[in-house]
Amino acid sequence: MQNGRSTWQEQEEASPYSLVNICLNFLIANLEKLCSERSDGTLCLPEHWSFPQEVADRFLGVMTWQGKLTDRTASIFQGNQMKLKLVNIQKAKISTAAFTKAFCHHKVIELDATAVHTDLPIPDIISGLCSNSWIQQNLRCLLLDSTSIPQDSRLLFFGQLTGLRVLSVFNVCFHSEDLANVSQLPKLESLDISNTMVTNISALLACKDRLKSLTMHYLKCLTMTKPQILAVIRELKCLLHLDISDHRQLKSDLAFHLLQQKDILPNVVSLDISGGSCITDGAVELFVRQRPAMQFVGLLATDAGYSDFFTTKQGLRVAGGANMSQISEALSRYRNRSCFMKEALYRLFTETFSMQVTMPAILKLVAVGMRNHPLDLPVQFTASACALNLTRQGLARGMPVRLLSEVTCLLFKALKNFPHYQQLQKNCLLSLTNSRILVDVPFDRFDAAKFVMRWLCKHENPKMQTMAVSITSILALQLSSEQTAQLKEELFMAVKELLAIVKQKTTENLDDVTLLFTLKALWNLTDESPAACSHFIENQGLAIFIQVLETFSESAIQSKVLGLWNNIAEVRELSSKLVTEDVVKHISSLLHSKEMEVSYFAAGIIAHLTSDTQPWMSHDLQRSALLQDLYATIQNWPSSSCKMTALVTYRSFKAFFPLLGNFSQPAVQLWALWAMYHVCSKNPSKYCRMLVEEEGLQFLCDIQEHSEADAQAQRIATSILDDFRMHFMNYQRPSLC
């Protein structure tokens with residue numbers, strides 16, 4: 001990889017999005033709102049809008065990249081509000097009529113129609129372009145790779161495009177007769193006929209005095225003998241670039257014979273013979289030495305490129321597999337060729353197995369390969385393994401977040417394309433164990449949660465199970481309550497499976513890391529999720545957790561059990577399930593734990609349960625005793641700003657509001673205030689804002705001003721309000737006392 005290229009890529013990925021890109025992304029996202037609709041259902045820009053040519057080109061490119069270019073949206077390029085020169089419609093699904101109306105009246109000098117939908121075949125593209133006399137004379141570059149041709153079409157008439165300098169018909173049903181037609185173009189300098197139906201290249205002699213670049217990778221239908229092919233190449237004396245690379249399994253020795261020729265390609269600066277057979281370091285070295293101006297040689301999937309000559313020769317780039325420099329060059333050169341992408345990725349995997357250096361530019365090339373070959377399993381699988389090598393352990397910390405986001409999204413795309421390929425799924429799961437990716441990187445966490453929860457239920461080996469559990473515990477915190485509710489089947493299966501793990505570990509008296517992760521996952525999944533809480537109870541979760549408390553006395557386990565019971569206690573229709581002799585016995589005992597967080601969570605359960613008198617109709621004395629014990633315990637707690645081992649977090653304060661309004665039970669009110677003050681003092685920016693957004697300030701004001709409120713409750717309410725004033729003076733607070 002050249003320094004200039006890698007530096008630019010690293011800066012591109014690490015820097016913020018440009019203002020132009022931000023604006024274009026906003027326009028595209030809101031196109032339906034900003035545009036009016038024509039009678040035919042297509043969109044029309046506001047009349048007063050006008051785009052400079054460079055911005056218009058970029059706008060179209062971003063639309064195409066995002067998959068937003070359709071017949072309905074392409075119509076915004078009709079008329080003169082947009083002035084296009086560089087038209088990129090790669091992989092777009094638009095019709096011939098939409099293409100002609102939207103683009104063929106512009107002064108187009110380059111058109112990239114790679115892999116456009118079959119609704120827009122090559123003959124129609126050519127016909128549309130030729131409808132504009134300016135384009136006929138001035139179109140310089142036309143890329144038609146992997147674009148369709150109807151079966152009833154025969155000859156492709158490129159002859160009217162007299163200004164054409166660059167033409168690529170890679171992977172197109174393009175015949176020798178078409179080549180004869182193209183070879184007559186008066187300004188043609190660069191031609192790519194790779195993987196076409198061409199059987200004879202003799203027609204190239206018609207442009208031998210102007211053709212500078214010829215690419216004919218995998219020209220599988222050639223019927224000419226090697227001497228005949230070489231005779232044609234020998235006449236192409238203006239060639240600066242020649243690509244005769246081939247699939248390794250075809251064992252083509254054309255390149256071997258070309259290297260033996262002394263009177264061929266005198267001016268060549270770039271020769272690609274990757275995939276050729278019988279190629280040796282000595283033969284390539286001699287060829288290059290005889291042509292000192294050479295700047296590139298492609299040697300991937302050959303036996304050449306390993307001698308010192310290829311690593312020491314200044315100014316010579318090599319696409320091969322001998323070292324990282326050659327591999328990165330191959331990944332860059334062959335991004336659109338799956339056969340070589342697989343080979344380069346395999347070499348990269350081997351080279352990066354014990355990588356200790358962060359290499360964003362290489363990871364970017366892996367991402368490009370994945371994006372360009374979404375349905376190629378070997379590419380996706382090997383790329384996922386390379387991505388793991390390049391981001392494992394601490395390497396991800398040096399990677400730009402945007403790049404990690406792209407790679408993670410591509411991994412999930414691969415999962416959807418190959419849902420039954422287990423090793424690919426494992427690679428994706430392993431990537432999510434990276435804390436940098438899981439915590440800092442934007443990706444679809446809802447999809448990720450579904451995938452991990454399904455994986456959790458596959459009864460994989462213990463190591464994979466532990467990873468799935470730990471990822472679930474973190475993703476559960478990152479989902480909104482609405483998203484958790486949408487999981488439905490996955491949520492039910494996950495809670496059931498997690499409880500089965502807890503039961504097994506408890507039976508085996510094994511308090512290992514898997515048990516801790518599992519308890520944490522259940523705690524987080526049930527947070528503000530009545531459905532998960534219900535699944536927990538339906539699957540004998542209460543009995544299993546009582547067994548946990550009776551088996552293990554570690555505070556880390558106790559706090560997680562009580563944290564989950566807190567979540568159930570917050571759900572009014574389920575809280576009564578906790579009013580049992582065994583549950584009350586344990587929370588009453590743990591209320592007096594020496595560990596602050598254990599006592600805190602036990603107190604929370606008691607506060608929620610006792611605030612509702614209905615479940616205690618036949619246990620009123622027990623409820624009164626619990627309330628007295630709760631009040632006395634809180635009196636002995638340290639300041640609300642004290643530290644706890646377990647990090648207490650809340651999605652919302654809404655479950656606290658009924659407790660804050662309960663003036664008849666000061667213990668309940670006091671616990672809620674203590675809890676709120678605790679988190680507000682730890683993270684004021686989050687929780688003070690939450691107080692405003694959820695309209696919780698009025699509850700605090702009511703406590704502060706209430707004549708019969710508990711004195712300690714009033715002091716804590718005042719402290720929270722004082723802290724709020726200090727951190728959020730800029731808020732409008734008409735109801736703040």
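Cut-off values and rules
Residues numbered from 1 in each chain as written. Predicted model: local features only at pLDDT ≥ 70, side-chain atom pairs only at ≥ 80, totals over all residues. Heavy atoms only, no water. Helix = DSSP H or I, 4+ residues; strand = E, 2+ residues; numbered from the N terminus. Buried < 20%, exposed > 50% of the residue type's maximum accessible area, 1.4 Å probe, protein only. Contact = heavy atoms within 4.5 Å. Areas by Shrake-Rupley, 256 points an atom, 1.4 Å probe, with all protein chains shown as cover. Lys, Arg positive; Asp, Glu negative; His and termini not counted. Charge placed at Lys NZ, Arg CZ, Asp CG, Glu CD. Expected span 1.5 Å × (residues − 1). pLDDT = per-residue confidence, 0-100. Salt bridge = Lys/Arg side-chain N within 4 Å of Asp/Glu carboxyl O. Phe/Tyr/Trp six-rings, centres within 6.5 Å; stacked < 30°, edge-to-face > 60°. Patch = residues over 30% accessible without salt bridge, like charges linked within 9 Å, V, L, I, M, F, W, Y side chains within 5 Å. Axes fitted to C-alpha atoms, helices over the stretch in contact; angles between N-to-C directions. Parallel < 35°, antiparallel > 145°, perpendicular 65-115°, else oblique. Left-handed = near helix turned anticlockwise from the far one by under 90°. 1 Å grid on protein atoms, 1.4 Å probe; cavity = no way out; pocket = protein on both sides within 12 Å on 5 of 7 lines; lining within 4 Å. Points joined across faces, edges and corners; volume = space filled by probe spheres on them. Nonpolar A, V, L, I, M, F, W, Y, C, P; charged D, E, K, R; others polar.

Undergrad: Kindly report on the overall build of the protein chain, identifying the contributing residues and their values.
TA: Each helix and strand in the protein chain was counted, giving 37 helices and 12 strands. With the C-alpha coordinates aligned to their principal axes, the bounding extent of the protein chain is approximately 105 × 60 × 45 Å. By residue count, 54% of the 737 residues in the protein chain fall in the buried class. Partitioning the contacts of the protein chain with sequence separation of at least 6, the portion at a separation of at least 24 is 69%. Accessible area for the protein chain stands at about 32,100 Å²; split by element, carbon and sulfur atoms hold 52% of it. In the protein chain, which carries 69 positive and 70 negative side-chain charges, the distance between the mean positions of the two groups comes to 7 Å.

Undergrad: Provide a residue-level description of helix α25 (residues 513–525), including the pertinent values.
TA: With 13 residues, α25 ought to run about 18 Å at 1.5 Å a step, and its terminal C-alpha atoms sit 18 Å apart, in line with that. Of all the positions in α25, only Thr514, Leu515, Thr518, Leu519, Ala521, Leu522, Trp523, Asn524 and Leu525 are classed as buried.

Undergrad: How would you summarise the confidence of the model for the protein chain if you had to cite specific residues and measurements?
TA: Model confidence for the protein chain is summarised by a mean pLDDT of 91, while 96% of its residues fall at 70 or above. Counting interchain partners and residues more than four positions distant, the pLDDT-below-50 stretch residues 1–11 has 17 contacts. Here residues 730–735 is a poorly scored stretch, pLDDT under 50, and it has nine contacts once near neighbours within four places are set aside; other chains count.

Undergrad: Residue-level account of the side chain of Asp145, with values.
TA: Position of Asp145 relative to the elements: it lies in the loop between β5 (141–143) and β6 (166–168). With no salt bridge to any partner, buried Asp145 finds its closest opposite charge in Arg337, at an N-O distance of 8.7 Å. When near neighbours in sequence (up to four residues on either side) are disregarded, Asp145 contacts Ala113, Thr114, Ala115, Ser168, Val169, Phe170 and Val172.

Undergrad: Requested: an account of the packing of aromatic side chains, with residues and values cited.
TA: Tallying each qualifying case throughout the model produces 25 aromatic pairs. Plain terms: the ring middles of Phe381 and Tyr421 are 5.5 Å apart, the flat faces sit at 70° to each other, and that makes the pair edge-to-face. Taken together, the positions of Phe381 in helix α17 (residues 377–391) and Tyr421 in the loop between α18 (401–417) and α19 (422–432) put the pair 40 residues apart, joining distant regions of the chain. Using a relative accessible area of 26% as the deciding quantity, one classes Phe381 as partly exposed. Judged by its relative accessible area of 31%, Tyr421 is partly exposed.

Undergrad: Kindly report on a nonpolar patch on the surface, identifying the contributing residues and their values.
TA: Nonpolar side chains collect at one region of the surface, where Tyr17, Leu19 and Ile22 lie side by side and expose about 340 Å² of accessible area between them. Within the secondary structure, Tyr17 is located in the loop between α1 (3–14) and α2 (19–29). A residue is classified by how much of its surface remains accessible, and Tyr17, at 47% relative accessible area, is partly exposed.

Undergrad: Give a description of the packing of helix α36 (residues 697–705) against helix α37 (residues 711–727) that names residues and reports values.
TA: Axis separation between α36 and α37 bottoms out at 8 Å; the angle between their running directions is 135°. Relative to α37, α36 is oriented oblique. Here α36 runs over α37; the crossing is left-handed. On α37, the residues touching Leu697, Leu700, Cys701, Ile703 and Gln704 of α36 are Ala713, Gln714, Ala717, Thr718, Ile720, Leu721 and Phe724.

Undergrad: Describe unusual backbone geometry, with residues and values.
TA: Even without a glycine there, the phi angle at Ala115 is positive, about 55°. Tracing the sequence through the fold places Ala115 in the loop between β4 (110–112) and α7 (122–130). In this structure Ala115 comes out as partly exposed when scored by relative accessible area, which is 27%. One non-glycine residue with positive phi stands out, namely Leu265, at about 50°. Topologically, Leu265 is positioned in the loop between α11 (254–259) and β10 (270–272).

Undergrad: Explain empty space enclosed by the protein to me, and be specific about the residues and the numbers.
TA: On inspection of all chains with the given rule, the structure shows three cavities of 30 Å³ or more. The calculated volume of the largest cavity comes to roughly 60 Å³. Taken together, Ala387, Leu388, Thr391, Leu404, Val407, Thr408, Leu411, Ser431 and Ile437 form the lining of the largest cavity. Breaking the lining of the largest cavity down by element, the ones donating at least two residues are α17 and α18. Among the elements that make up the lining of the largest cavity, the one with the highest residue count is α18 (four residues). Tallied by class, residues from the lining of the largest cavity come to six nonpolar, three polar and no charged.

Undergrad: Describe the pattern of salt bridges, naming the residues involved and giving the relevant values.
TA: Here the structure, examined in full by the defined rule, presents 22 salt bridges. The partner of Glu490 in a salt bridge is Arg454, with the nearest N and O atoms 2.7 Å apart. Linking Glu490 in helix α24 (residues 489–507) with Arg454 in helix α21 (residues 445–456), this pair joins segments that are 36 residues apart in sequence. Of the residues examined, Glu490 reaches a relative accessible area of 8% and is grouped as buried. Residue Arg725 pairs with Asp722 through a salt bridge whose shortest N-O separation is 3.2 Å. In this pair, Arg725 and Asp722 both sit in helix α37, three residues apart, roughly one turn of the helix. Using a relative accessible area of 41% as the deciding quantity, one classes Asp722 as partly exposed. The network of salt bridges with common partners includes Glu32, Glu37 and Arg72.

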